[in-house]
Amino acid sequence: MNVLSRDQQILIVACLTEGQSIRAIERLTGIHRDTIMRLGERVGRGCEELHDRMMVGIRCGRLELDEIWGYVGKKQKRVERHEINHKGDQYTFIGLASSAKAIISYRTGKRDTENTDLFVQDLRQRVIGAPEISTDGFHPYKMAIRDAFNGRAHHGVIVKTYSVTNLAVKEAARRYSPAEVVAVSREVESGTPGHISTSYVERQNLTLRMTQKRFARLTNGFSKKLTNHAAAVSLYVSHYNLCRVHEALRTTPAVALGIAERVWTIGDLLDAVLPLEPNRPVRVTRNFRIIDGGKK
C-alpha cells in the first residue's frame, strides 16, 4: 500500500465509491486484493476522523433520520451466540439535512436502543438549535430525541403501511422487492413540525446501496469484518458530502451546507485523510503477570 502511486490510489478509491467489489478492482487494476483492502480501510478510518472534525456547529432547519440494513460475515439466522455483536445484521443510522442533502451524522451497529441513543447524541452535538426532525416508527427514536434535545426538538413520525405480498416474509431484511405503499400516517411527537417526511434520506439510502457493493442484497461481496464494513461506510459518507455532485443541488452537499468552498476531487480527499492515519496499524501491548503457584 505504501508503494502505490498517487494515480493508483485515486483509481482504487474511485472504484470503491462506484460500486465495484474488491476482486473486480483487482482484475481492473492488477493490484492485489489485500493491498486494495488495506488502502480502503486506511482511507475509511481517515474519512471517519475527517467527518468528525468538519461536521460541527451545523445549523439546519430539518433533519431526516433513517436506517439502512446490511450484514457482516453471515446472515442473522446463522449467527452463533458468541458472534452476535460483530456478525449478522448491521444497520447504518443516517441523519440527513433535508435542504443541503448532507449527511450530518451516521453510526453502524445493531438496530437497538443503545446504538439509537448514541447516534442521536452524536447528532445533537453536531447541530445548533432545535431543528425539525422526521423519523420512521422505530420506537427508540422517541426517547432518544427527547433526552438528547431536552424536549425542544420538533419531532414528527411517519409510518408507511405496505401491502402484504407474501405472508411468509415478515422481515424487511428478507424482502428484495419493496411492496406497494397503501397508507401513510403522520404523528407529532413533540413541538410543531411543519413537514414530516423521510423521502430525502430514503433516496440517499438508495445511493448508498448502489455505490457500495457491500450493501448489495444478492451478492457475495458482503463485508467479512465489521471494521471493514464501518470503514466503507465512512468512505462513502465523505465522498458523498465532499466529492459527489448532487443532481438537484448542482454542487456537493458540503458546499450547500457551507463547510466547503468547492467540489473536492478524490485526490483532495486522499490528501486530507491519509495524514490522519498512521502508515502502520496500532499495535496493542499487553502486560503479563507471572503468578507463582503450586505446592511448596
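Calculation criteria
- Residues numbered from 1 in each chain as written.
- Predicted model: local features only at pLDDT ≥ 70, side-chain atom pairs only at ≥ 80, totals over all residues.
- Heavy atoms only, no water.
- Helix = DSSP H or I, 4+ residues; strand = E, 2+ residues; numbered from the N terminus.
- Expected span 1.5 Å × (residues − 1).
- Buried < 20%, exposed > 50% of the residue type's maximum accessible area, 1.4 Å probe, protein only.
- Contact = heavy atoms within 4.5 Å.
- Disulfide = S-S within 2.5 Å.
- Pairing = 2+ DSSP bridges.
- Axes fitted to C-alpha atoms, helices over the stretch in contact; angles between N-to-C directions.
- Salt bridge = Lys/Arg side-chain N within 4 Å of Asp/Glu carboxyl O.
- Arc of directions from axis to C-beta.
- Polar contact = N/O pair within 3.5 Å; in protein donor to acceptor, adjacent residues only side chain to side chain.
- pLDDT = per-residue confidence, 0-100.
- Right-handed = clockwise from strand over helix to strand, strands pointing away.

Now for helix 7 (residues 226-242). A rise of 1.5 Å per residue sets the reference length of helix 7, with its 17 residues, at 24 Å; its end C-alpha atoms lie 24 Å apart and thus fit the reference within 8%. Taken across its 17 residues, helix 7 has 14 buried, putting it largely inside the fold.

Our focus in this paragraph is the side chain of asparagine 228. Mapped onto the fold, asparagine 228 is located in helix 7. Exposure remark for asparagine 228: the relative accessible area of 10% places this residue in the buried category. Once residues within four sequence positions are removed from consideration, asparagine 228 is found in contact with Met37, Glu41 and Arg214.

Attention shifts here to the environment of alanine 232. Looking at where alanine 232 falls in the secondary structure, it is placed in helix 7. According to the relative accessible area criterion, alanine 232 is buried, its value standing at 9%. In the structure, alanine 232 is positioned 215 residues away from threonine 17 in sequence and 8.8 Å away in space, judged by C-alpha atoms. Those residues in contact with alanine 232, other than ones at most four positions away along the chain, are Gln212 and Arg214.

Considering all chains together, one arrives at zero disulfides under this definition. Distance from the sulfur of cysteine 243, which forms no disulfide, to the nearest cysteine sulfur (cysteine 47) is 8.3 Å.

Turning our attention to the sheet that holds strand 2 (residues 88-97). Strand order in this open sheet of six strands is 3-2-1-4-5-6, and the pairing throughout is mixed. The open sheet has two edge strands, strand 3 (102-109) and strand 6 (181-190), and neither has a second partner. Looking at each pair of strands side by side, their axes are set apart by 20° on average, direction ignored. Pairing between strand 2 and strand 3: seven bridges, direction antiparallel. Residue glycine 95 lies in a different strand from strand 3, and its bridge partner there is serine 105. On the sheet, helix 4 (residues 113-126) packs against strand 1 (62-72), strand 2 and strand 3 and is oriented at approximately 155° with respect to strand 3. The strands touched by helix 6 (residues 199-211) are strand 1, strand 2, strand 3 and strand 5 (154-162); relative to strand 1, the strand with the most contacts, the crossing angle is about 30°.

Tallied over the entire structure, the rule returns 14 salt bridges. With a shortest N-O distance of 3.3 Å, arginine 33 and glutamate 26 are connected by a salt bridge. For glutamate 26, a relative accessible area of 18% corresponds to the buried category. Put simply, lysine 74 and glutamate 83 hold a salt bridge, and the shortest N to O gap is 3.0 Å. Given the relative accessible area of 24%, lysine 74 is considered partly exposed. Each member of the salt-bridge network shares a partner with another, and the members are Asp52, Asp122 and Arg126.

This next bit is on helix 5 (residues 140-148). Each turn of an α-helix holds 3.6 residues, which means side chains three or four residues apart point in the same direction. Of the positions making up helix 5, those classed as buried are Pro140, Tyr141, Ala144, Ile145 and Ala148. Taken end-on, helix 5 shows its buried residues confined to a sector of 115°, consistent with a single buried face. Buried-residue contacts for helix 5 involve strand 1, strand 2, helix 4, strand 4 (132-135) and strand 5. One or two positions beyond helix 5, positive phi appears at asparagine 150, with a value near 55°.

Locating glutamate 26 in the fold gives a position in helix 2 (residues 22-29). Of note is the side chain of glutamate 26, whose polar atom sits 3.3 Å from the side chain of arginine 33. If near-sequence neighbours (up to four positions away) are discounted, glutamate 26 is found in contact with Ile31, His32, Arg33 and Ile36.

Let us look at the confidence of the model for the chain. Detailed reading of the predicted model is not advised wherever pLDDT is low. On average, residues of the chain score 88 in pLDDT, and 88% of them are at 70 or above. Confidence drops under a pLDDT of 50 for residues 278-291, and excluding neighbours within four residues, the segment shows four contacts in the predicted structure.

Side chains of strand 4 alternate between two faces, with Glu132 and Ser134 and Ile133 and Thr135 buried alike. Sheet topology note: the strand 1/strand 4 ladder contains three bridges and is parallel. Bridge pairing in strand 4 links glutamate 64 to serine 134. Handedness of the crossover joining strand 4 and strand 5 through helix 5: right-handed.

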